[in-house]
Amino acid sequence: MSENRTHLDPDESREMAEASRQTEWAAPSFAAELFMGRFRPELVHPFPEQDPADRAEGDAFLAELGAFLRERVDPVAIDRDEEVPDDVLRGLIDMGAFGMKIPREYGGLGLSQLNYNRAVALVASHCASTAVWLSAHQSIGVPQPIRLFGTEEQKKKFLPRLARGAISGFALTEPEVGSDPAAMATTAVPSEDGREWILNGEKLWCTNGLVAELLVVMARTPSKVVRGRERKQVTAFIVETDSPGFERVDRCLFLGIRAISNGLIRFRDVRVPAENVLGGEGRGLKIALETLNTGRLTLPAAGVGMARQCLQISRRWAGERVQWGAPIGKHEAVAAKLARMASHTFAMQALSDYASGLASRGGADIRLEAAFAKLFSSETALRIAEDAMQIRAGRGYEREESLARRGETPYPIERIYRDARINTLVEGTSEIMRLFIAREALDPHLKKAGALVNPRSSWKEKSRSLGSALRFYPGWYASLWFGLQEAAPAGVPSELGGHVRFVRRASRRLARGLFHAMIRVGPALERRQKLLGRFVDVGADLLAMSATISNAATGRGGGIAGNGPVELADHFCRCARQRIGDAFRGVRHNTDRADRAVARRVLEDRYGWLEEGIVVACPEETGDGSPVAEGEEAAAGDPVAGAGTAGAP
Ligand SMILES: Cc1cc2nc3c(=O)[nH]c(=O)nc-3n(C[C@H](O)[C@H](O)[C@H](O)COP(=O)(O)OP(=O)(O)OC[C@H]3O[C@@H](n4cnc5c(N)ncnc54)[C@H](O)[C@@H]3O)c2cc1C
C-alpha cells in the first residue's frame, strides 16, 4: 500500500476535477442540447456515414484480421491458460494491429476511429482478452495521449516505436484512489538540476503494466500558488519501464478477460527525463480525462462485438432447442428476450458509430456522446449477455470445453458473460459516468446562475449572475412549454415519425424536470444521485433513439436488407419510451429517501442480525491489522458516501 497516501477533502477533489474539464469546443453537442430542451435533429441527422474509401480501407484490414483470429487465436485456450501466446501477439504486431490508431507518418496504420472500432468489435467478438491487449495499448495507452498532447519530438520519438509493438499502458488508478483520481498519492519531484523528475508511488490494475515498455503515468507534482491559493498539481509522464526503480509487484487475476496482463506496479525513485512530461506540468488530470473521453469509445465497440455474438448464438439455440413441443424461441418469454437483444444491439451499434463518427470528423464536443455510448453500451451488453445466458440456460452456465467433451456445440456464453462484466467498471464506473453526464447537463445552468447558489461567490458575482438569469430564464422556460411541434426531418420513415416527435417532447420535459429539481433541491442536488441518474438515463435513451432512428433512415442501416433497420429502430424506440416513462414517474414517486435511511442504518451495522448464520468470509481487522474479536466492534469509517465529484473519470 502506498506510503504517500493523501486524502483530499471532497471540495478539493471536485475543484481539481472541475479545473481539468475540457470547456472549449467548435461544434455543439446534440446530447447537451437535449438536456436544455432543444431538439437539434440536424446534429444527428443525416447519420454521419462512413466515407466509402475509409470503409474500404477498414474492410481490407478486417479481412486480414478476421482470418488471423479464426486461424491463429484460440480463445478457449487463452481463457483457460490466462495468457495470450507470444505468437499471437507477434502476429498482431506484424499486421500493424498495435498501431491501428497511430498516424501513417509515424509508422502506424492510421485507421479512423470507426475502422478502429470495427477491428476492436471483431476481436472482442472472438476473444475479449486479446481485444483488451490492443485497446489498453492504443485507446488509453501512450499513443493516445501523445497524439492529443505530445510535442512533435515526442511523436517522432515514441509513436514509431509504439506502432512497431512496444506495448504500452495507462497508469492512473492507485490502491487508495479509483474513481477520484485527483486524490492520487504517487509523486514526482524535480531533480536538483531540473533535468529529471523523480517518481515514487504505486499504481494498481494497470492493464498491460506487466509487459509494457512504455507507460503514461499520472503523478502529483509540487503545488503552485495561483491567485493567492495553493493549487494541487497532477502531471503526466511517459515512463520507460526499464528505468531503475520500476517494479512489477504482482499480477492481478480476474473473473473475466483472464488473459490480460494487469497488475500492481511500483516506482521507487524512478528518474524520468524532463522532456518526457506530456502536455506541460500540471496538466496531467486534464490529459487523463481527455484521453478517457475518446478512449472510452472503444468499450461500446467491444460491447457491440460481444452482443452480436450473443445474438447469433441465442437465435440459433432458440430455433433448434425444442421444449414443451415448440422451439424455445416461440415461447413468449424467450421471444421477448430475442427481440430486445436484436433491437438493442442495433441501437448500441448506432450510438457507438454516431459517437465515433463525430470523433473521426473532429471539432465536435463528444464528451457527452462518448460517455453516453460507454454507459449505455456497457450496461446493455451486460443485459444482452445475461439474456443469452438465460436462453442457453444450463448450457449457458457450462464452460466451452465441457460442452465440447460431450459433443455439443461449444458456444462461449459462459466466457462472454464473465468478460462483459468489466465494462461497467472501468474507464469510469456506471455511477461515475452518470455523475459526469449530470455535471455536464447542469453546466449551462451553473454558468448562468451558479454564482447565485455558490456560498463562495461574492455579492458582485451574485448580482451579475442574477442579471444573466433574469435575461435568460423567462424566455427559455416558456419555450419548454410552448415549443412548436415540427415535422420529423426529411428522410425519416413514417413508422419512426412518432418516435421523433416523442424525442422532441421528451427533451423539453427532461429540461423542465432538471430545472424544477434544481429549484426544489437547490445545491444539494449534487448529492441526489438517484434523482440525477433518472434524468441521465432519460437522456441516454433519447440520444440512443435519435441515433438509431437516424441510422435506420440514412446511415449504413438504410442500405441493409429490406425494412429490417426500421423495424429494429421501431422496437428499440418502443422499449426506450417505456423506460423513459418509468424514469419520469420515478422523479416524483420513488424510494430514494427510504433508500438513504436504510443504507445509513446498514452502514451503522444496525441490521447485523441479518448477517448471522454464515461463515464469515474475511474477518474484519482492527486498526492494527489484527482480526476483530467476536462481539467487538470494527472501527467505524465515515458512513457518508463520497460526495459527487461529477468531473471525475
Ligand atoms: C480489469 C481491470 C482493468 C483496469 N485497467 C486499468 C488501467 O489500465 N489503468 C488504470 O489506471 N486503471 C485501471 N483499472 C482501474 C479501474 O479504472 C477502476 O477500478 C475504476 O476506476 C473504479 O475504481 P475502484 O475500483 O477503485 O472503485 P471505487 O472508486 O472505490 O468505487 C467503488 C464503488 O463506489 C462507487 N463510487 C465511487 N465514488 C462515487 C461517487 N462519488 N458517487 C457515487 N458512487 C461512487 C463506484 O461507482 C463503485 O461502484 C482497471 C480495473 C480493472 C478491474
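Because the structure is predicted, anything quoted here is derived from the model rather than measured.

1. Some points on the packing of helix α11 (residues 298–320) against helix α13 (residues 367–392)
Piece 1. Where α11 contacts α13, the two axes come as close as 9 Å, and the packing angle between them is 20 degrees. Considered as vectors, α11 and α13 are oriented roughly parallel to each other. The two elements α11 and α13 cross, and the hand of that crossing is left-handed. Mapping the contact onto sequence places L299, P300, G303, A307, C310, I313, S314, W317 and A318 in α11 and A373, K374, S377, A381, I384, A385, A388, I391 and R392 in α13.
Piece 2. Tallied by class, the residues present in the contact of α11 with α13 amount to 13 nonpolar, three polar and two charged.

2. Let's talk about the pairing of strand β7 (residues 262–273)
Piece 1. Alignment of strand β3 (residues 196–207) against β7, held across nine bridges, turns out to be antiparallel. Its bridge partner lying in β7, C206 is registered against G263.
Piece 2. Both strand β6 (residues 246–251) and β7 contribute to a ladder of five bridges, which runs antiparallel. Bridge pairing links R251 to G263 in β7.

3. Notes on the nonpolar core
Piece 1. In this structure, C310, Y354, F372, I437, L542 and M545 are the most contacted members of the largest nonpolar core, which totals 88 residues.
Piece 2. Those residues within four positions of M545 in sequence are excluded, and the remaining contacts are H499, F502, V503, F572, C573, A576, R577 and I580.
Piece 3. Membership of the second largest hydrophobic core comes to 29 residues, among which are F61, L69, L92 and I167.

4. Some details on unusual backbone geometry
Piece 1. Here H45 and P46 are connected by a cis peptide whose omega angle stands at 0 degrees.
Piece 2. Counting through the fold element by element, P46 comes out in the loop between α2 (30–35) and α3 (52–72).
Piece 3. Of note, E82 is a non-glycine position whose phi angle comes to about 55 degrees, a positive value.
Piece 4. With phi around 30 degrees, I257 is a residue other than glycine that occupies positive phi space.
Piece 5. With respect to the element layout, I257 can be found in the loop between β6 and β7.

5. Focus on the environment of L297
Piece 1. Mapped onto the elements of the fold, L297 is located in the loop between α10 (284–295) and α11.
Piece 2. Considered as a pair, L297 and L531 are 234 residues apart in the sequence and their alpha carbons are 26 Å apart.

6. Brief notes about the confidence of the model for the protein
Piece 1. Within the protein, residue pLDDT values average 90, and 90% of them lie at 70 or more.
Piece 2. Across residues 1–5, where pLDDT falls below 50, the model places 11 contacts with residues more than four positions away in sequence or in other chains.
Piece 3. Contacts of residues 630–649 to residues separated by more than four positions or lying in other chains number 37 contacts, the stretch itself having pLDDT below 50.

7. A short note on the packing of aromatic side chains
Aromatic ring pairs are reported here in terms of the distance separating the ring centres and the angle at which the planes meet.
Piece 1. Enumeration according to the criterion identifies 14 aromatic pairs in this entry.
Piece 2. Ring geometry for F376 and F572: centres 5.9 Å apart, planes at 90 degrees, overall edge-to-face. Residue F376 is found in helix α13, and its partner F572 is found in helix α22 (residues 564–588); the two are separated by 196 residues along the sequence.
Piece 3. Residues F472 and W476 carry aromatic rings whose centres are separated by 5.6 Å and whose planes lie at 20 degrees to one another, so their mutual orientation is stacked. You can see F472 and its partner W476 sitting in helix α18 (residues 459–482), four residues apart, about one turn around the helix.
Piece 4. Members of the aromatic cluster, connected to one another through ring pairs, are F472, Y473, W476, Y477, W481 and F515.
Piece 5. The positively charged end of K448 is found above the aromatic ring belonging to F472, 4.5 Å away from the centroid.

8. Overview of the domain arrangement of the protein
Note on interface size: it is often stated as the accessible area lost on association of the parts.
Piece 1. Domain boundaries in the protein define domain 1 (10–46 + 432–593), domain 2 (52–163), domain 3 (168–284) and domain 4 (296–428).
Piece 2. Each of domain 2 and domain 4 has a C-alpha centre, and the two are 22 Å apart.
Piece 3. If you look at the interface, domain 2 gives 19 residues, while domain 4 gives 19 residues.
Piece 4. With both sides pooled, the region where domain 2 packs onto domain 4 buries about 1500 Å², and carbon together with sulfur makes up 57% of that total.
Piece 5. When the area that domain 2 buries against domain 4 is broken down by residue, the three leading residues are Q113, L114 and N117, summing to 28%.
Piece 6. Our count for the domain 2 to domain 4 interface comes out at two salt bridges.

9. Thoughts on a nonpolar patch on the surface
Piece 1. Taken together, the side chains of L452, V453, L466 and L470 define a hydrophobic patch exposed on the protein surface, amounting to about 350 Å² of accessible area.
Piece 2. Every element with two or more residues in the nonpolar patch is listed here: α17 (430–453) and α18.
Piece 3. Relative to the helices and strands, L452 resides in helix α17.

10. Details of the site of the ligand
Piece 1. Close contacts around the ligand come from 22 residues, with F170, T173, S179, T207 and T429 the closest.
Piece 2. In this structure, a nitrogen atom belonging to the ligand sits 2.7 Å away from a side-chain N or O atom of T173.
Piece 3. Burial of the ligand by the protein chains amounts to 72% of its free accessible area of 970 Å².
Piece 4. For the shell around the ligand, the secondary-structure elements that each account for two or more residues are β1 (168–171), β3 and α17.

11. A look at helix α6 (residues 113–126)
Piece 1. With 14 residues, α6 should reach 20 Å at 1.5 Å per residue; the first-to-last C-alpha distance of 20 Å fits that figure.
Piece 2. Those residues of α6 that fall on the buried side of the exposure criterion are Q113, L114, N115, Y116, N117, R118, A119, V120, A121, V123 and A124.
Piece 3. Residues of α6 that are buried in the fold lie against α3, α7 (128–140), α10, α11 and α12 (332–361).

12. Things to note about the packing of α6 against α11
Piece 1. Running from N to C, α6 and α11 cross one another at 45 degrees; their axes reach a closest spacing of 7 Å. One finds that α6 runs oblique with respect to α11. The interaxial crossing formed by α6 with α11 has right-handed handedness. Facing α6, whose interface residues are Y116, N117, V120, A121, A124 and S125, α11 presents T298, A301, A302, G305, M306 and Q309.
Piece 2. A breakdown of the residues in the contact of α6 with α11 according to their chemical character gives seven nonpolar, five polar and no charged.

13. A short note on the state of the cysteines
Piece 1. Counting across every chain of the model gives zero disulfides.
Piece 2. Of all cysteine sulfurs in the structure, the one in C252 sits closest to C206, which takes part in no disulfide; the separation is 9.9 Å.
Piece 3. Relative accessible area serves as the criterion here: at 1%, C206 is assigned to the buried category.
Piece 4. Not engaged in a disulfide, the cysteine C618 finds its nearest cysteine sulfur in C252; these two sulfurs lie 16 Å apart.

Cut-offs applied
Residues numbered from 1 in each chain as written. Predicted model: local features only at pLDDT ≥ 70, side-chain atom pairs only at ≥ 80, totals over all residues. Heavy atoms only, no water. Axes fitted to C-alpha atoms, helices over the stretch in contact; angles between N-to-C directions. Helix = DSSP H or I, 4+ residues; strand = E, 2+ residues; numbered from the N terminus. Parallel < 35°, antiparallel > 145°, perpendicular 65-115°, else oblique. Left-handed = near helix turned anticlockwise from the far one by under 90°. Contact = heavy atoms within 4.5 Å. Nonpolar A, V, L, I, M, F, W, Y, C, P; charged D, E, K, R; others polar. Pairing = 2+ DSSP bridges. Core = buried A, V, L, I, M, F, W, Y, C linked by side-chain atoms within 4.5 Å. Buried < 20%, exposed > 50% of the residue type's maximum accessible area, 1.4 Å probe, protein only. pLDDT = per-residue confidence, 0-100. Phe/Tyr/Trp six-rings, centres within 6.5 Å; stacked < 30°, edge-to-face > 60°. Lys NZ or Arg CZ within 6 Å of the ring centre and 35° of its normal. Domains from an automatic or database assignment. Buried area = accessible area lost by both parts, 1.4 Å probe. Salt bridge = Lys/Arg side-chain N within 4 Å of Asp/Glu carboxyl O. Patch = residues over 30% accessible without salt bridge, like charges linked within 9 Å, V, L, I, M, F, W, Y side chains within 5 Å. Areas by Shrake-Rupley, 256 points an atom, 1.4 Å probe, with all protein chains shown as cover. Near = heavy atom within 4 Å. Polar contact = N/O pair within 3.5 Å; in protein donor to acceptor, adjacent residues only side chain to side chain. Expected span 1.5 Å × (residues − 1). Disulfide = S-S within 2.5 Å.

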